[in-house]
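Given next are the chains, with one letter for each unit.
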Amino acid sequence: MAIALAAAAASLLGAPAQAAPTRQVTIQAWQVCDDAGNNCATTSFFDAFTEKIWAQADIKVNFLAMQQVNSSARLNETDFSDLGNVGDASVIDLWFLNDLSDCGGNFGFGSLFGCGTSGGWFAMTQAVFDFSAIGRVDTLSHELGHVLGLGHDDFGAGAADNLMTSGGSRSIAQALGDVNPDGLGLEKLTAAQIAEARSSGFTTNVLPEPGSLALAALALTVAGLARRKAAAS
């Protein structure tokens, strides 16, 4: 048993340096309905696409349980800043609306798929779901990128295959198999974009699994015993 433990410890201690830790973000989604609680905005996290897009940066996207807000004014919002980051400032807020006419300027209703800000919130409109049979599947990830500090023309954005390129110039994946690094290689993130997103204050390290922590502690314990034995001999 002691030999086996020592071998396990040696294996752990002699292992090469680990890759950068997985980072994570937490999102609180708000489904906006009218004042009576009806005519609610369409919602979807586009889970498989969101997961694969942000896996390029080794960032895990966690969604809290959806909450409902009854407000006809917000359902068709004229001022993006009215939505805001609410509650826990470390949690990103996602607002599902019917329509939005403002994103740092007046674009008019029917022209925006979404809007995001480094202030900690972003919004998506019905236009995302009307885009195609499966929807504009990258809007959530794109607007999240804005929250994490990425713009339309910095950190290497600009090409049609890049996630953060402006919507009018970006090619939108319509199959999971075309998300980078597969197929057409769409929704790509550059190394500079990845570094910037991972450094955002809205990201935190994912803690190791309990089993990994226990094994690491075991390795340290066995190594300590080995050192004490060597000093005593």
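The present account deals with the structure reproduced in this document. For clarity, every value in this text was computed on a predicted model and none was experimentally measured.

Moving on to the state of the cysteines. This model, assessed by the stated rule, comprises two disulfides. Covalently, Cys103 is tied to Cys115 through a disulfide, its sulfur atoms 1.9 Å apart. With the S-S bond torsion at 80 degrees, the cross-link from Cys103 to Cys115 turns out right-handed. On the criterion of sequence distance, the pair formed by Cys103 in the loop between strand E6 (99-100) and strand E7 (114-117) and Cys115 in strand E7 is long-range, its members being twelve residues apart. On the basis of relative accessible area, Cys115 is assigned to the buried category, the value being 2%. Regarding the disulfides, the protein carries the connectivity 1-2, 3-4 under sequence-order numbering of its bonded cysteines.

Burial analysis of helix H5 (residues 139-147) places nine of its nine residues in the buried class, which makes it a mostly covered element. For H5, the complete set of buried residues consists of Thr139, Leu140, Ser141, His142, Glu143, Leu144, Gly145, His146 and Val147. Looking at the residues trailing H5, positive phi occurs at Gly149, about 100 degrees.

The next thing to look at is the packing of helix H2 (residues 47-55) against H5. It is at 9 Å that the axes of H2 and H5 come closest, and there the two elements cross at 45 degrees. Between H2 and H5, the crossing angle belongs to the class labelled oblique. Residues Thr50, Ile53 and Trp54 of H2 form the contact with H5, whose participating residues are Leu140, Ser141, Leu144 and Gly145. For the contact of H2 with H5, the residue count by class is four nonpolar, three polar and no charged.

The next thing to look at is the packing of aromatic side chains. Applying the stated criterion across every chain yields a total of six aromatic pairs. Here the aromatic rings of Trp30 and Trp95 are separated by 5.6 Å at their centres, their planes lie at 20 degrees, and the arrangement is stacked. Separated by 65 residues along the polypeptide, Trp30 in strand E1 (residues 23-33) and Trp95 in strand E5 (residues 92-96) bring together distant segments of the chain. Measuring from ring centre to ring centre gives 3.9 Å for Phe45 and Phe63, while their planes differ by 10 degrees; the resulting arrangement is stacked.

Before going further, it helps to examine the side chain of Ser101. Its location among the elements puts Ser101 in the loop between E6 and E7. For Ser101, the contacting residues outside a window of four places in its chain are Glu77, Thr78, Asn106, Phe107, Gly108, Phe109 and Leu112.

Rules used in this analysis
- Residues numbered from 1 in each chain as written.
- Predicted model: local features only at pLDDT ≥ 70, side-chain atom pairs only at ≥ 80, totals over all residues.
- Heavy atoms only, no water.
- Disulfide = S-S within 2.5 Å.
- Helix = DSSP H or I, 4+ residues; strand = E, 2+ residues; numbered from the N terminus.
- Buried < 20%, exposed > 50% of the residue type's maximum accessible area, 1.4 Å probe, protein only.
- Axes fitted to C-alpha atoms, helices over the stretch in contact; angles between N-to-C directions.
- Parallel < 35°, antiparallel > 145°, perpendicular 65-115°, else oblique.
- Contact = heavy atoms within 4.5 Å.
- Nonpolar A, V, L, I, M, F, W, Y, C, P; charged D, E, K, R; others polar.
- Phe/Tyr/Trp six-rings, centres within 6.5 Å; stacked < 30°, edge-to-face > 60°.

Geometric descriptors of this kind do not, in isolation, establish any biological role.
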